[in-house]
Amino acid sequence: PRTWEFWRAVIVCFCLFSLVGHWLEIPYCLFMSNVFGIVDADYSVWTDPWYHPYWVYGFGAVIVTLIVEPLKERIIMKRKTLWGALLESFVVLVLLSMVIELIAGWLINQPDAMGEYPYWDNSELPLNIFGQAWLVNDVCIGIAAMFYVWIFYPLVCEGFALLKPKAANIVFVLIVVGFIILCVVSYTQLVLWTW
């Protein structure tokens, strides 16, 4: 964490996963809607443009990188098999997802005077945790986080390592500037649509 290379990869993963998280939410919501009937027809994932960032997934990638990536190395050293390391890291990621979902809910999803939650209400679902988190969500997020920790993040790091430092920094700047442009365009459209 004390190197520019580390933070460069974390920032790039934040930018990329803010978009990838949005894209992954679409099939997830289709599945949840068809199987459980719990996704509202007016949920923003159906109308947001493909380039609209879902920041929560970018921040999730940063948290997972800062907490689980260093822990992953210890788990690998401790376990006798790769399968054991994968299973233990999956359990850690599901628990971390649950904690993040709970904290986010307690911070931003407080019920109004009528007792209704403004963003989500898991209180009627089996396996809910304090009405905020839902174990099914956390398992699905844990699966996505496994791909992130074991495949996506290492590929980003390796990709930058293959480049010369100057070229790596140019790629970094292009990704960040591209992400900023997508944010400006997306939020400008949202503002214009609400007028």
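Remember, predicted model here, so these are calculated numbers, not experimental data.

About the cut-offs
- Residues numbered from 1 in each chain as written.
- Predicted model: local features only at pLDDT ≥ 70, side-chain atom pairs only at ≥ 80, totals over all residues.
- Heavy atoms only, no water.
- Helix = DSSP H or I, 4+ residues; strand = E, 2+ residues; numbered from the N terminus.
- Buried < 20%, exposed > 50% of the residue type's maximum accessible area, 1.4 Å probe, protein only.
- Contact = heavy atoms within 4.5 Å.
- Areas by Shrake-Rupley, 256 points an atom, 1.4 Å probe, with all protein chains shown as cover.
- Lys, Arg positive; Asp, Glu negative; His and termini not counted.
- Charge placed at Lys NZ, Arg CZ, Asp CG, Glu CD.
- Patch = residues over 30% accessible without salt bridge, like charges linked within 9 Å, V, L, I, M, F, W, Y side chains within 5 Å.
- Salt bridge = Lys/Arg side-chain N within 4 Å of Asp/Glu carboxyl O.
- Expected span 1.5 Å × (residues − 1).
- Bend = angle between axes of the 7 residues up to and from the residue.
- Core = buried A, V, L, I, M, F, W, Y, C linked by side-chain atoms within 4.5 Å.

Let us now look at the overall build of the protein chain. Within the protein chain, the regular secondary structure consists of 5 helices and 2 strands. Counting from the amino terminus, helix and strand elements in the protein chain follow one another as α-α-α-β-β-α-α. Summarising its shape, the C-alpha atoms of the protein chain cover approximately 55 × 50 × 30 Å along the three principal directions. A buried classification covers 36% of the 195 residues belonging to the protein chain. A separation threshold of at least 6 residues defines the contact pool for the protein chain, and within that pool the share at least 24 residues apart is 69%. Surface summary for the protein chain: the accessible area is close to 12,100 Å², and the carbon and sulfur share equals 73%. Looking at the protein chain, you have 9 positive and 15 negative side-chain charges, and the mean spots of the two groups are 25 Å apart.

Side chains of D112, E116, D121 and E124 sit close together on the surface and give a patch of like negative charge. Mapped onto the secondary structure, D121 falls in the loop between α3 (82-108) and β1 (128-129). Its relative accessible area of 40% is what places D121 among the partly exposed residues.

Now for unusual backbone geometry. Backbone geometry places L127, a non-glycine residue, at a positive phi of 70 degrees. Looking at the element boundaries, L127 is found in the loop between α3 and β1. Note on L127: relative accessible area 54%, which makes it exposed. Phi at F130 is positive, roughly 55 degrees, even though this residue is not glycine. Mapped onto the elements, F130 comes out in the loop between β1 and β2 (133-134).

Here we take up helix α2 (residues 55-78). With 24 residues, α2 should reach 34 Å at 1.5 Å per residue; the first-to-last C-alpha distance of 34 Å fits that figure. Along α2, the largest kink reaches about 35 degrees and is centred on T65. All of the buried residues along α2 are G58, G60, A61, V62, V64, T65, V68, E69, K72 and I75. Summarising the contacts, the buried residues of α2 are in contact with α1 (4-36), α3 and α4 (135-162).

Counted under the stated rule, the structure contains 3 salt bridges. With a closest N to O distance of 3.6 Å, E69 and K72 form a salt bridge. Highlighted residues: E69 and K72, both in helix α2, separated by 3 residues, approximately one helical turn. With relative accessibility at 6%, the residue K72 sits in the buried group. For R79, the salt bridge goes to E88, with nearest N and O atoms at 2.4 Å. Judged by its relative accessible area of 17%, E88 falls in the buried class.

With respect to the helices and strands, the residue W106 is situated in helix α3. Judged by relative accessible area, which is 43%, W106 ranks as partly exposed. Beyond its immediate chain neighbours, meaning those up to four positions away, W106 contacts F130 and Q132.

Bringing α1 into the picture now. The terminal C-alpha atoms of α1, which comprises 33 residues, lie 44 Å apart, in line with the 48 Å expected from a rise of 1.5 Å per residue. Maximum bend of α1: about 30 degrees, positioned at F17. Positive phi appears at G37, one or two residues downstream of α1, with a value of about 65 degrees.

Now for the nonpolar core. Membership of the largest hydrophobic core comes to 30 residues, with the highest contact counts inside it found for V64, L93, Y148 and V149. Elements supplying a minimum of two residues to this core: α1, α2, α3, α4 and α5 (165-194). Counting 7 residues, the second largest nonpolar core, distinct from the first, contains V39, V45, L125 and W134.

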